Amino acid sequence: MKKYFSLLLAGVLTASVLTGCGAGSNASSAKVDINSKTLSDGVLTVGTNAEFPPFEYVGDDGQPDGFDIALIKAVAENLGVEVVVENMEFDSLVSSIGSKTDVAIAGMTVTDERKQSVDFSTPYYSAMQHVLVPADSAISTYDDLKGKTLGCQLGTTGDFLIEDIEGATNQQYNKAVDAVNDLVNGRLDAVIVDSNPAGVFASNFQGQIKDLNGEDFGFEIEEYAIALPKGDTALKEAIDVAITTIKEDGTFDKLVDEYMK
Ligand code: GLN
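Heads up: these notes are all about the structure in this document.

### A look at the overall build of the protein chain
Here is step 1 of the chain: Assigned secondary structure in the protein chain consists of ten helices and 15 strands.
Here is step 2 of the chain: With 261 residues in all, the protein chain has 51% of them scored as buried.
Here is step 3 of the chain: Counting contacts in the protein chain only where the partners sit at least 6 residues apart, residues at least 24 apart contribute 71% of the total.
Here is step 4 of the chain: Approximately 12,200 Å² of the protein chain is accessible, and the part contributed by carbon and sulfur atoms is 48%.

Have a look at this one:
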């Protein structure tokens, strides 16, 4: 019944989205858009980097799990396609789209630079970079970060941000958790990482590290979206409708309750 209702809602949304597209759109349904080359095999191959809790991590069964994984599964169900998840390094996600993978979901921030290689879905989550410091650290402002040894995950917006901090030494790691371990071991002055994972890491090392809000450092709000192959507008349209549907039918909030603390 619930499913029937959400399908119905999807239909209604599609109708309005397609109307919005005006004449010339030959898409006929929100379900697998036949015009999407990417979806034509009925499989959505999704790249992720399962090192970014609570968005993606390796579950007890050894498979990628987390908010993003559940979200992309809900999107795929909405589109009527299967999901295959490929776990890889964050820095390879964008370049793998169109070859190894169809799309990527990885708490990925929409940036102008990435937009040169991929398209993005409608954003589904807002976040910000946070600063993790040792519990006894005096760091509290942007200026305090100048000249310090700062850790990040390679290829992330935290990495790009450190590059702009005057005199800072940028230590890049393949996994944010390795940076956090080096912070705890005294090898770094701070780690710059997205808000939700920062909260998870801080609670994993309670009493040892502090989670400082990036707002106090003048950092900007970032939007997470699904990275898509450039130019497959039918795929983008179908995924955007699916995200809207999932937000409107309560599925999104259910996933927030399930995965975010
Ligand atoms: N949001 C950050 C980015 O897009 C970090 C994402 C991640 O590490 N998974 O660069």
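### Thoughts on the site of the ligand
Here is step 1 of the chain: The environment of the ligand is formed by Phe-52, Phe-90, Ala-106, Gly-107, Met-108, Thr-109, Arg-114, Gln-153, Thr-156, Thr-157, Asp-194 and Tyr-224.
Here is step 2 of the chain: At 2.8 Å from a nitrogen atom of the ligand is found a main-chain nitrogen or oxygen belonging to Gly-107.
Here is step 3 of the chain: With respect to the ligand, the side chain of Gln-153 contributes an N or O atom lying 2.8 Å from an oxygen atom.
Here is step 4 of the chain: Its free accessible area being 300 Å², the ligand has 99% of it covered by the protein chains.
Here is step 5 of the chain: Here the residues of the shell around the ligand sort into five nonpolar, five polar and two charged.

### Some words on helix α10 (residues 251-259)
In an α-helix there are 3.6 residues to a turn, and that puts residues three or four apart on one side.
Here is step 1 of the chain: Turning to α10, its buried residues are Thr-251, Phe-252, Leu-255 and Tyr-259. Along α10, the residues classed as buried sweep out an arc of 100° about the axis, all on the same side. Counted as exposed and oriented over 90 degrees from the buried face of α10: Lys-254 and Asp-257.

### Structural notes on the nonpolar core
Here is step 1 of the chain: Ranked by internal contacts, the top residues of the largest apolar core, which has 32 residues, are Phe-67, Tyr-124, Ile-226 and Ile-239.
Here is step 2 of the chain: Taken together, the elements giving at least two residues each to this core come down to β1 (43-48), α2 (67-79), β8 (125-127), α9 (233-248) and α10.
Here is step 3 of the chain: Residues Leu-150, Ile-162, Ala-190 and Phe-219 belong to the second largest nonpolar core, which totals 15 residues.

### Some details on α9
Here is step 1 of the chain: Here α9 spans 22 Å end to end across 16 residues, near enough to the 22 Å set by a 1.5 Å rise per residue.
Here is step 2 of the chain: Those residues of α9 that fall on the buried side of the exposure criterion are Ala-234, Leu-235, Ala-238, Ile-239, Asp-240, Val-241, Ala-242, Ile-243, Thr-245 and Ile-246.
Here is step 3 of the chain: Phi turns positive, to about 95°, at Gly-250, one or two residues after α9.

How each quantity is defined
- Residues numbered from 1 in each chain as written.
- Predicted model: local features only at pLDDT ≥ 70, side-chain atom pairs only at ≥ 80, totals over all residues.
- Heavy atoms only, no water.
- Helix = DSSP H or I, 4+ residues; strand = E, 2+ residues; numbered from the N terminus.
- Buried < 20%, exposed > 50% of the residue type's maximum accessible area, 1.4 Å probe, protein only.
- Contact = heavy atoms within 4.5 Å.
- Areas by Shrake-Rupley, 256 points an atom, 1.4 Å probe, with all protein chains shown as cover.
- Near = heavy atom within 4 Å.
- Polar contact = N/O pair within 3.5 Å; in protein donor to acceptor, adjacent residues only side chain to side chain.
- Nonpolar A, V, L, I, M, F, W, Y, C, P; charged D, E, K, R; others polar.
- Arc of directions from axis to C-beta.
- Core = buried A, V, L, I, M, F, W, Y, C linked by side-chain atoms within 4.5 Å.
- Expected span 1.5 Å × (residues − 1).

Geometry only, nothing functional implied.
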